[in-house]
Amino acid sequence: MKKNINWNIKLPNVFKLTMFALFLGFAVSCIDEPTNINTFTDEMMGEYLEKRPDQFSEFKKLLDTTEVMGLINAYGNYTIFAPDNEAMLKFYASKGKSSLKGFTADTLKRIVYDHLIKGYQVTSDEFIDGLMPYLTMSDRFVSTSSRSVDNNLVYFVNENSAIITKDIEVSNGIIHVIDEVLNPSTLTIVQAISNDENFRVFNE
């Protein structure tokens, strides 16, 4: 004899609870991982540079040689001022060279670290006329400024490196493309602060 099963409305309650739990989990996950509508790409910083050899093949060689490529392909917060190929070739010529060959390993790593800020995603909204409140990985200050060039406002890093493209958002940071390899400040922290008008009161 076939028995009738009486669920006593338990199934709908369980179903409702399950659906509520799923909805709650979804809502929490949305809060924990907000999306940024300004995100340019889901690529890591290193991936972005690697996939654009027409613009960054020389800088990629530098990143590979110094093994910094692995760092900027990892999760975290980074800001990089990336010289394009023309900027890199101009830098080689200024040093009497035609490629990375001839530079010592320590020199190459310092050059990369001069262009990389770890732990912060610095957008152009934070650029000021003076020293930025961040140190590069080579423990040097970066200064920013802006001026009109052909009736266009152009941002510069360390006075001479113009930012060609700013605020490229990747999944682990911000890329600013520059037209000259950076010439970092060699001043000590005290000297840099004393020379910057923005820190005049603090220095006194």
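The structure presented is a predicted model; accordingly, all values stated were derived computationally and were not measured. (Residues numbered from 1 in each chain as written. Predicted model: local features only at pLDDT ≥ 70, side-chain atom pairs only at ≥ 80, totals over all residues. Heavy atoms only, no water.)

**Student:** Any details on the pattern of salt bridges? Residues and values, ideally.
**Tutor:** All told, the structure shown has seven salt bridges when counted by the stated rule. Put simply, E43 and R52 hold a salt bridge, and the shortest N to O gap is 3.2 Å. Residue R52 is classed as partly exposed on the basis of its relative accessible area, which comes to 26%. Linking R110 and D114 is a salt bridge whose minimum nitrogen-to-oxygen distance equals 3.0 Å. (Salt bridge = Lys/Arg side-chain N within 4 Å of Asp/Glu carboxyl O. Buried < 20%, exposed > 50% of the residue type's maximum accessible area, 1.4 Å probe, protein only.)

**Student:** Residues and numbers for helix α6 (residues 105-114), please.
**Tutor:** Think of an α-helix as 3.6 residues a turn; residues three or four steps apart then line up on the same face. Buried residues of α6: L108, I111, V112 and D114, and no others. Viewed end-on, α6 has its buried residues packed into an arc of 160°, placing them on one side of the element. Exposed residues on α6 whose side chains face more than 90 degrees from its buried face are A105 and D106. Contacts made by the buried residues of α6 are with α3 (53-65), α5 (85-94) and β2 (116-118). (Helix = DSSP H or I, 4+ residues; strand = E, 2+ residues; numbered from the N terminus. Arc of directions from axis to C-beta. Contact = heavy atoms within 4.5 Å.)

**Student:** Can you tell me about the pairing of strand β3 (residues 130-135), naming the residues and giving the values?
**Tutor:** Sheet topology places β3 next to strand β4 (residues 141-149); three bridges connect them, and they run antiparallel. Pairing of L135 across the sheet is with F141, part of β4. In this antiparallel pair of consecutive strands, β3 and β4, the connection spans five residues, and D139 shows a positive phi of 60°. (Pairing = 2+ DSSP bridges.)

**Student:** Describe the nonpolar core, with residues and values.
**Tutor:** Ranked by size, the top nonpolar core spans 27 residues in total, and within it L49, F59, L62, L63, I72 and I175 carry the most contacts. Counting residues per element, this core draws most heavily on α3, at four residues. Excluding residues within four positions of it along the chain, L63 makes contact with L49, V68, M69, I72 and V112. F81, I117, V122 and L182 belong to the second-largest nonpolar core, a separate cluster that totals twelve residues. (Core = buried A, V, L, I, M, F, W, Y, C linked by side-chain atoms within 4.5 Å.)

**Student:** Tell me about the layout of surface pockets, and please be specific about residues and values.
**Tutor:** Considering only enclosed or pocket space, the largest pocket measures out at about 340 Å³ in volume. Along the walls of the largest pocket sit 19 residues, with F91, K95, V181, L182 and N183 positioned nearest its centre. Of all the elements in the fold, those that place two or more residues in the lining of the largest pocket are α5 and α6. In terms of residue class, the lining of the largest pocket is built from eight nonpolar, six polar and five charged. (1 Å grid on protein atoms, 1.4 Å probe; cavity = no way out; pocket = protein on both sides within 12 Å on 5 of 7 lines; lining within 4 Å. Points joined across faces, edges and corners; volume = space filled by probe spheres on them. Nonpolar A, V, L, I, M, F, W, Y, C, P; charged D, E, K, R; others polar.)

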